[in-house]
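Per-entry structural report
What follows is the residue order along each chain.
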2 protein chains.
Amino acid sequence: MELTEETLSKTYRYKGYVVNMRSDEVRLPDGTQALREVVEHPGGVGIALENENHEFYMVSQWRYAQGRVLREFPAGKREKGEDPLETARREIAEETGYEGEDFVDLGPLVPTGAYDTEVIEMYYAKAGRYVGQHFDFDENLALSRMTLDQIIDEIMEQKIIDAKTIAMAFKIREMKNRK
Amino acid sequence: MELTEETLSKTYRYKGYVVNMRSDEVRLPDGTQALREVVEHPGGVGIALENENHEFYMVSQWRYAQGRVLREFPAGKREKGEDPLETARREIAEETGYEGEDFVDLGPLVPTGAYDTEVIEMYYAKAGRYVGQHFDFDENLALSRMTLDQIIDEIMEQKIIDAKTIAMAFKIREMKNRK
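A few points on the structure. (Residues numbered from 1 in each chain as written. Chains lettered and ligands numbered in written order. Predicted model: local features only at pLDDT ≥ 70, side-chain atom pairs only at ≥ 80, totals over all residues. Heavy atoms only, no water.)

Attention shifts here to the interface of chain B and chain A. Between chain B and chain A, the contact holds 72 residues from the first and 72 residues from the second. Each partner contributes to the roughly 6400 Å² buried at the junction of chain B and chain A, and carbon and sulfur atoms together form 61% of this total. Where chain B packs against chain A, one counts six salt bridges. The salt bridge involving Glu174 of chain B is made with Arg173 of chain A; its shortest N-O contact spans 2.4 Å. With nine residues, the top contributor of residues to the side of chain B that touches chain A is helix α3 (residues 163-178) of chain B. Within the side of chain B that touches chain A, the residues separate by chemical class into 39 nonpolar, 15 polar and 18 charged. (Contact = heavy atoms within 4.5 Å. Buried area = accessible area lost by both parts, 1.4 Å probe. Salt bridge = Lys/Arg side-chain N within 4 Å of Asp/Glu carboxyl O. Helix = DSSP H or I, 4+ residues; strand = E, 2+ residues; numbered from the N terminus. Nonpolar A, V, L, I, M, F, W, Y, C, P; charged D, E, K, R; others polar.)

Right under this line is the structure:
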């Protein structure tokens, strides 16, 4: 079954500092035309950092678009042209104060693929040397530590609802179970 | 720790047919001002539909913003003011041809909360009466069936990378394990 949609034109509707917005004309597999709205995002990373007591570092922060505080694994946006592992090393030290070691690639996550280019690269790492937190001026977050069981309990209780955090927690447990 | 950010102004940059784009001025907890870009989305649903052979219906479709075909649980956008369970009943019949029965609420998922208002309500249901598929004119999808173990294998192999699909598959298995 042919599913590919071909781009006929791209029109930028907004160019922002984090995201751009386009509306494109496309040709569907049957030859008819349709419109596709696209949010362009540089991509991000998520990092599950475990310390020697088997606790993971969690950040609680105001998610403005959601109008509430969400508890999540540390995460960040990729700089232009930056390798995602570099982003992960930078973000985990900035947000938790600890360098990450022994990074394990948990693979890509597409948060909302229907209209958004964002892909989140997910990592699992061990906490190393303490180097101190360092936030962007507009970034406020509260750090906490949880075991994997506590995280999965909060997922099942619908307290943790962030997509990358849910995917990462379950992937890490599945990986540990399969060892 | 105070984390709340207060809206000072909202400016619409694009009003589209699926999403709108805003840039807002906000006041941070320390009183300084910052800019927040917001994608407004009406919200969606995802439905894991299981038949009597313990197979789940999966849809493969071209995700234009991602430039590739993704295999996912059936999903759809909420109409304005529509209850998410109604959306779920409509979408599952349209995409698989089967009515859903015995819906279990798997809770909300925030796919990318830093800049997007979207929340996906997730459901697990049993396949009921066959009523026939019914697609939108610009919707092309290929249907397949997989067991939960097969889905989780493809997640661990990084073949299934859609956020709601990963969250739903693991939540369903965890729910079954806890029974």
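Okay, back to it.
Our focus in this paragraph is the packing of aromatic side chains. Residue and element names in this part refer to chain A. Following the criterion strictly, the structure yields 11 aromatic pairs over all chains and no others. Members of the aromatic cluster, joined through ring pairs, are Phe56, Phe73 and Tyr124. The ring of Tyr12 carries Lys15 above its face, with NZ or CZ at 4.3 Å from the centroid. (Phe/Tyr/Trp six-rings, centres within 6.5 Å; stacked < 30°, edge-to-face > 60°. Lys NZ or Arg CZ within 6 Å of the ring centre and 35° of its normal.)

Time to look at the side chain of Gln66 of chain A. Mapped onto the fold, Gln66 of chain A is located in the loop between β5 (55-63) and β6 (68-72). Assessed through its relative accessible area of 12%, Gln66 of chain A is described here as buried. Here the side chain of Gln66 of chain A touches Thr117 of chain B through a polar contact of 3.3 Å, landing on its backbone oxygen. Leave out the neighbours within four places in its chain, and Gln66 of chain A touches Val110, Gly113, Asp116, Thr117, Glu118 and Val119 of chain B. (Buried < 20%, exposed > 50% of the residue type's maximum accessible area, 1.4 Å probe, protein only. Polar contact = N/O pair within 3.5 Å; in protein donor to acceptor, adjacent residues only side chain to side chain.)

What follows is about the pattern of salt bridges. Scanning the entire structure with this criterion turns up 38 salt bridges over all chains. In this structure, Asp162 of chain A and Lys164 of chain A form a salt bridge, with 2.9 Å as the shortest nitrogen-oxygen distance. Assessed through its relative accessible area of 6%, Lys164 of chain A is described here as buried. Where Arg90 of chain B meets Glu79 of chain B, a salt bridge forms, and the shortest distance between an N and an O atom there is 4.0 Å. With Arg90 of chain B in helix α1 (residues 84-96) and Glu79 of chain B in the loop between β7 (75-77) and α1, this pair connects stretches of sequence that are 11 residues apart. Note on Arg90 of chain B: relative accessible area 24%, which makes it partly exposed.

Quick look at the nonpolar core now. Nonpolar side chains tend toward joint burial in soluble globular proteins. Within the largest apolar cluster, 44 residues are counted, with the highest numbers of intra-cluster contacts made by Phe56, Phe73 and Ile151 of chain A together with Phe56, Phe73 and Ile151 of chain B. What Ile151 of chain B contacts, discounting residues up to four positions off in sequence, is Phe56, Met58, Phe73, Met146, Ile160 and Ala169 of chain B. (Core = buried A, V, L, I, M, F, W, Y, C linked by side-chain atoms within 4.5 Å.)

All names here are of chain B. Orientation of helix α2 (residues 148-156) relative to α3, taken along the N-to-C sense of each, is 130°, at an axis distance of 10 Å. The angle between α2 and α3 falls in the class oblique. Regarding α2 and α3, the two cross each other, and that crossing is left-handed. The segment α2 lies against α3, with Leu148, Ile151, Ile152, Ile155 and Met156 engaging Thr165, Ile166, Ala169, Phe170, Ile172, Arg173 and Lys176. When grouped by side-chain class, the residues that make up the contact of α2 with α3 number nine nonpolar, one polar and two charged. (Axes fitted to C-alpha atoms, helices over the stretch in contact; angles between N-to-C directions. Parallel < 35°, antiparallel > 145°, perpendicular 65-115°, else oblique. Left-handed = near helix turned anticlockwise from the far one by under 90°.)

Turning to the sheet that holds strand β2 (residues 20-27) of chain A, a few remarks are in order. All names here are of chain A. Strand order in the open sheet made by the three strands is β1-β2-β3, with antiparallel pairing throughout. The open sheet is flanked by β1 (6-15) and β3 (33-40), the only strands paired with a single partner. When strand polarity is set aside, the average angle formed by the axes of neighbouring strands in this sheet is 20°. (Pairing = 2+ DSSP bridges.)

In this section: the sheet that holds strand β3 (residues 33-40) of chain B. Residues and elements named next belong to chain B. Here three strands make up an open sheet; going across it, the order is β1-β2-β3 and the pairing antiparallel. Either end of the sheet is taken by a strand with one partner, and the two such strands are β1 (6-15) and β3. Neighbour-to-neighbour, the strand axes of the sheet open up by a mean angle of 20°, direction not taken into account. Pairing of strand β2 (residues 20-27) with β3, which is carried by eight bridges, proceeds in the antiparallel orientation. Considered in β3, the bridge of Asp24 is made with Arg36.

Residues and elements named next belong to chain A. Taking 1.5 Å per residue, 13 residues should reach 18 Å; helix α1 (residues 84-96) reaches 18 Å between its end C-alpha atoms and fits that length. Of all the residues in α1, the buried ones are Pro84, Thr87, Ala88, Glu91, Ile92, Ala93, Glu94, Glu95 and Thr96. In the core, the buried residues of α1 are packed alongside β4 (44-50), β5, β7 (75-77), β8 (98-109), β9 (120-130) and β10 (141-147). You can read the cap of α1 off the contacts: a side-chain oxygen lies 3.0 Å from the backbone nitrogen of Leu85, and it is on Asp83. A positive backbone phi angle near 90° is found at Gly97, which sits one or two residues after α1. (Expected span 1.5 Å × (residues − 1).)

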